[in-house]
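Structure at a glance
The lines below spell out each chain.
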Amino acid sequence: MQTANDKPSLPGLIDMDAATNSFNQLVADRVGKIRQLIDTHATRPCKLVAVTKRFGPTACAAAMAAGVDDLGENYAQELAQKAGEVSALACGEPTWHFIGHLQRNKVKLIAPHVTLWQTVDSERLGTEIAKRQPGARVLIQLNTSGAETQSGLDIEAAPQLVDVLRSTGLDVAGFMTIGTMGDIDASATQFREVRRLADDLGMNECSMGMSADMVEALKAGSTMVRVGTAIFGARPDNAR
Ligand SMILES: *Cc1c(COP(=O)(O)O)cnc(C)c1O
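Here's a quick rundown of the structure.

This part takes up the overall build of the chain. Along its length, the chain carries nine helices and eight strands. Since a compact globule built from 240 residues should have a radius of gyration of about 18 Å, the 19 Å found for the chain is in line with a globular shape. Principal-axis analysis of the C-alpha atoms gives the chain an extent of 65 × 40 × 30 Å. Put simply, the chain has 240 residues, and 45% of those count as buried. The contacts of the chain with a sequence gap of at least 6 include a subset with a gap of at least 24, amounting to 58%. Only carbon and sulfur atoms are counted for the fraction: they give 51% of the accessible area of the chain, which is about 11900 Å².

Given below as structure tokens:
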């Protein structure tokens, strides 16, 4: 156990312990509020994934201290580095979710860390994941907004990819989607559509809902909300 006496004391400088404690308290308060939203609106058991992209290992530790062990990252390099940094903090091992666009040549780098691959949208990517982490648990990312800029598979093509990925040995557990930014009604419709498809195919997991649209996602039957800003505040602009 580390005690206060183990820490270097630098009189006159910022009291880092106090700063850390108040940040941890803020995170815990926000996590508590989000858990209340989940309790109020969820129509099925729903997990909270804290999105730590562009925040450092202390943010990860704060989420874990607040009881959130599921952490989501968007960038392979950043996840690999942060996984090591979080381990070094000895605050426990989180469950890492990969939630960003993934290039095949980055799969190997993060395969030792990732527990749920949320953004599979092609046979090529799935095959690489199956090679690096046989039997991996994956979600298929669906592009439900139709926006060209959004990654993910068209909903019509999803049933076939489920079959193809299963034939590679992957554990295909459901779908992930990002609702249309700034259009809550459109997002709600998309979330219901994804839920219906998952139900039709006998799959439970629907990773949907972010800070701005989590209530709509919960009402539609999300089993996993991915929340960054509402827990940690605005992200720093500069990518780590
Ligand atoms: C950044 C991100 C989130 C979290 O977004 P917030 O609006 O900060 O809650 C969730 N999902 C994905 C895929 C993201 O890229």
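From this point, the narrative continues.
Moving on, we get to the nonpolar core. Of all hydrophobic cores here, the largest spans 60 residues; its most connected members are Trp117, Ile129 and Phe175. In contact with Ile129, not counting residues within four places along its chain, are Leu102, Val107, Trp117, Val120, Pro134, Ala136, Val138 and Leu170. If you look at the next biggest cluster of nonpolar residues, it comprises eight residues, including Val49, Val51, Ile99 and Met224.

Right, let's talk about the site of the ligand for a bit. Residues in close proximity to the ligand total 13 residues, the closest being Lys53, Asn74, Ser211, Thr229 and Arg235. Separating an oxygen atom of the ligand from a side-chain N or O atom of Lys53 is a distance of 2.7 Å. Contact distances for the ligand include 2.8 Å between an oxygen atom and a side-chain N or O atom of Arg235. Taking 390 Å² as the accessible area of the ligand by itself, protein coverage stands at 90%. A per-class count over the shell around the ligand returns six nonpolar, four polar and three charged.

This next bit is on the pattern of salt bridges. Enumeration over the complete set of coordinates arrives at seven salt bridges. Between Arg44 and Asp199 there is a salt bridge; the shortest N-O distance is 3.3 Å. A residue pair is termed long-range when its members are at least 10 positions apart, and Arg44 in the loop between α1 (16-41) and β1 (47-51) and Asp199 in helix α7 (residues 184-200) qualify at 155 residues. On the basis of relative accessibility, which here comes to 38%, the residue Asp199 falls in the partly exposed class. Of the charged contacts, one joins Glu73 and Lys82 as a salt bridge, the two residues approaching to 2.7 Å between their closest N and O atoms. For the pair formed by Glu73 and Lys82, the shared burial category is buried. Through salt bridges with shared partners, a single ionic network connects Arg44, Arg195 and Asp199.

Taken as a whole and judged by the stated rule, the model has one aromatic pair. Ring centres of Phe55 and Phe232 lie 5.3 Å apart, and the angle between their planes is 40°; this geometry places the pair in the tilted category. A residue pair is termed long-range when its members are at least 10 positions apart, and Phe55 in the loop between β1 and α2 (57-65) and Phe232 in helix α9 (residues 229-232) qualify at 177 residues.

The subject of this paragraph is the packing of α2 against helix α3 (residues 76-89). A pair of packed helices is characterised by two quantities: the angle between their axes and the separation of those axes. Packing of α2 against α3 brings their axes to within 9 Å, and their N-to-C directions diverge by 60°. Compared by their axis directions, α2 and α3 come out oblique. Where α2 crosses over α3, the two elements pack in a sense that is right-handed. From α2, Pro57, Thr58, Cys60, Ala61 and Met64 reach across to α3, where they touch Lys82, Glu85, Val86 and Leu89. Classifying every residue of the contact of α2 with α3 by side-chain character gives six nonpolar, one polar and two charged.

Definitions and cut-offs
- Residues numbered from 1 in each chain as written.
- Predicted model: local features only at pLDDT ≥ 70, side-chain atom pairs only at ≥ 80, totals over all residues.
- Heavy atoms only, no water.
- Helix = DSSP H or I, 4+ residues; strand = E, 2+ residues; numbered from the N terminus.
- Rg over C-alpha atoms; globule rule 2.2 N^0.38 Å.
- Buried < 20%, exposed > 50% of the residue type's maximum accessible area, 1.4 Å probe, protein only.
- Contact = heavy atoms within 4.5 Å.
- Areas by Shrake-Rupley, 256 points an atom, 1.4 Å probe, with all protein chains shown as cover.
- Core = buried A, V, L, I, M, F, W, Y, C linked by side-chain atoms within 4.5 Å.
- Near = heavy atom within 4 Å.
- Polar contact = N/O pair within 3.5 Å; in protein donor to acceptor, adjacent residues only side chain to side chain.
- Nonpolar A, V, L, I, M, F, W, Y, C, P; charged D, E, K, R; others polar.
- Salt bridge = Lys/Arg side-chain N within 4 Å of Asp/Glu carboxyl O.
- Phe/Tyr/Trp six-rings, centres within 6.5 Å; stacked < 30°, edge-to-face > 60°.
- Axes fitted to C-alpha atoms, helices over the stretch in contact; angles between N-to-C directions.
- Parallel < 35°, antiparallel > 145°, perpendicular 65-115°, else oblique.
- Left-handed = near helix turned anticlockwise from the far one by under 90°.

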